[in-house]
Amino acid sequence: MPTKTSAALPQDFGHPHLLEDYTPVPQPTITTKICAVCHASAPHTLCSKCRNIRYCSTSCQELDWKLHKVVCKHYIEATAQTRCPSSRRVLYFHPLASKPTFTDIPFGPDGTVYGLSEHLFPGVPDADIKRLSFHDRFLPYFIQLAYDTNPDKKRELEENRSLGRPFRGPVVALAYDAETGLSAPALDVDTTIMRPLMQYVELRREYDGPIFVEQPQKRYTKGEWKAIMGDDAGCV
Ligand SMILES: [Zn+2]
Ligand SMILES: [Zn+2]
């Protein structure tokens, strides 16, 4: 909890020991069982419908339902379909649809995406599709958003109905393994993408520059801070 003292403490990121809020978390893996909302351990509780997302408690589940219900049922349908081995599941935000849909696109073994412009951005040259990557440190993958930059404003693009500003036209969310990155096919997107994705879009709405995303952390008390910093506590 922020205290008067900690609010006055230096926040200069140029001095690593001054990142007093920072608690490193291990890179999660696909099998890490943490709550999608608060990131506490959640070994037993899966969404009973899709069995794809974990919560530590019913209160976290209720808090997330508004977002999760958008994709829960559709995820069950999408995962029940037979698919081609080279395909990967992405989340497609059609500009006029009120909800995103899971859809499959083909990838080459070297990570080349084949289906993006043909199926999801009809009539958009590859060079106009920007792919913007970001990482939430509680996820075992990084997220990439593909969208039409429409550089010469040649196309009349509607504001994307399910994502809102600043996105216009279709948007595709992809997930990539943090280690192999773009040199291998994407991973299958699942329902865990919704919360970090919507949080990121919310940030983009406010600010159009580079974003340093940090999760809220426990703040040290005055005593804890003094124990760590010794006589330097409070010095800039
Ligand atoms: Zn939780
Ligand atoms: Zn579900």
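Residues numbered from 1 in each chain as written. Chains lettered and ligands numbered in written order. Predicted model: local features only at pLDDT ≥ 70, side-chain atom pairs only at ≥ 80, totals over all residues. Heavy atoms only, no water.

An unreviewed UniProt entry lists the protein chain under the name MYND-type domain-containing protein, with Decorospora gaudefroyi as the source organism.

Angles at a metal have ideal values that depend on geometry: 109.5 degrees with four tetrahedral donors, 90 or 180 degrees with six octahedral donors. For the zinc ion (ligand 2), every protein donor is listed as Cys47 (SG), Cys50 (SG), His68 (NE2) and Cys72 (SG), and the spread of their distances is 2.1 to 2.3 Å. For the zinc ion (ligand 2), the four donor atoms in the first shell make angles of 103 to 117° at the metal, so the coordination geometry reads as tetrahedral. (Donors = N, O, S within 2.8 Å, 3.2 Å for Na, K, Ca; no water. Tetrahedral: all angles 85-135°; square planar, octahedral: opposite > 155°, others 65-115°.)

Extensive coverage of strand 4 (residues 141–148) is indicated by the burial of eight of its eight residues. Of the two faces of strand 4, the one carrying Tyr141, Ile143, Leu145 and Tyr147 and the one carrying Phe142, Gln144, Ala146 and Asp148 are both buried. In this structure, strand 3 (residues 129–135) lies alongside strand 4, joined through seven bridges in antiparallel fashion. For lysine 130, the partnering residue across the bridge sits in strand 4 and is tyrosine 147. Hairpin connection of strand 3 to strand 4: five residues between the antiparallel strands. (Buried < 20%, exposed > 50% of the residue type's maximum accessible area, 1.4 Å probe, protein only. Helix = DSSP H or I, 4+ residues; strand = E, 2+ residues; numbered from the N terminus. Pairing = 2+ DSSP bridges.)

So, about the sheet that holds strand 4. On the basis of which strands lie adjacent, the open sheet formed by five strands has the order 2-1-5-4-3 and antiparallel pairing. What marks the edges here is a single partner per strand, and that holds for strand 2 (101–106) and strand 3. Between one strand axis and the next, the sheet turns by 35° as a mean value, whatever way the strands run. Two elements, strand 4 and strand 5 (residues 171–177), share seven bridges in a ladder whose sense is antiparallel. When the sheet's bridge partners are listed, alanine 146 is paired in strand 5 with valine 172. Taken strand by strand, helix 3 (residues 72–80) contacts strand 1 (87–93) and strand 2, and its axis lies near 30° from that of strand 2. (Axes fitted to C-alpha atoms, helices over the stretch in contact; angles between N-to-C directions. Contact = heavy atoms within 4.5 Å.)

Bringing the coordination of the zinc ion (ligand 1) into the picture now. Coordination of the zinc ion (ligand 1) by the protein is provided by Cys35 (SG), Cys38 (SG), Cys56 (SG) and Cys60 (SG), with metal-donor distances spanning 2.3 to 2.4 Å. Every donor counted, the four donor atoms about the zinc ion (ligand 1) form angles of 100 to 118° at the centre, which fits tetrahedral coordination. Positions of the donor residues of the zinc ion (ligand 1) along the chain correspond to the pattern C-x2-C-x17-C-x3-C. With cysteine 35 in the loop between helix 1 (4–8) and helix 2 (58–68) and cysteine 56 in the loop between helix 1 and helix 2, this residue pair connects regions lying 21 residues apart in the sequence.

What follows deals with the pattern of salt bridges. This structure, assessed with the given rule, holds eight salt bridges. Across the pair glutamate 77 and lysine 73 runs a salt bridge whose closest N-O atoms are separated by 4.0 Å. With glutamate 77 and lysine 73 both in helix 3 and four residues apart, the pair spans about one turn of that helix. Its salt-bridge partner being glutamate 202, residue arginine 205 comes within 3.0 Å of it at the nearest N-O pair. With arginine 205 and glutamate 202 both in helix 5 (residues 194–206), this residue pair falls three residues apart, about one helical turn. Classification of arginine 205 by relative accessible area gives partly exposed; the value is 22%. Bridged by salt links that share partners, the residues Arg83, Asp104 and Asp188 form one connected network. (Salt bridge = Lys/Arg side-chain N within 4 Å of Asp/Glu carboxyl O.)

Right, let's get into unusual backbone geometry. Cis geometry marks the peptide bond from arginine 165 to proline 166; its omega dihedral reads 0°. Tracing the backbone shows proline 166 in the loop between strand 4 and strand 5. The phi dihedral of histidine 39 is positive, around 70°, even though this residue is not glycine. Mapped onto the elements, histidine 39 comes out in the loop between helix 1 and helix 2.

With respect to the helices and strands, aspartate 188 occurs in the loop between strand 5 and helix 5. You can call aspartate 188 partly exposed: its relative accessible area is 33%. Counting along the chain gives 97 residues from aspartate 188 to leucine 91, while the straight-line C-alpha distance between them is 9.3 Å. Not counting residues within four places of it along the chain, the set of residues in contact with aspartate 188 comprises Arg83, Ser87, Arg88 and Arg89. At 2.9 Å, the side chain of aspartate 188 and the side chain of arginine 83 are in polar contact. Of the polar contacts made by the side chain of aspartate 188, one reaches the backbone nitrogen of arginine 89; its length is 2.7 Å. (Polar contact = N/O pair within 3.5 Å; in protein donor to acceptor, adjacent residues only side chain to side chain.)

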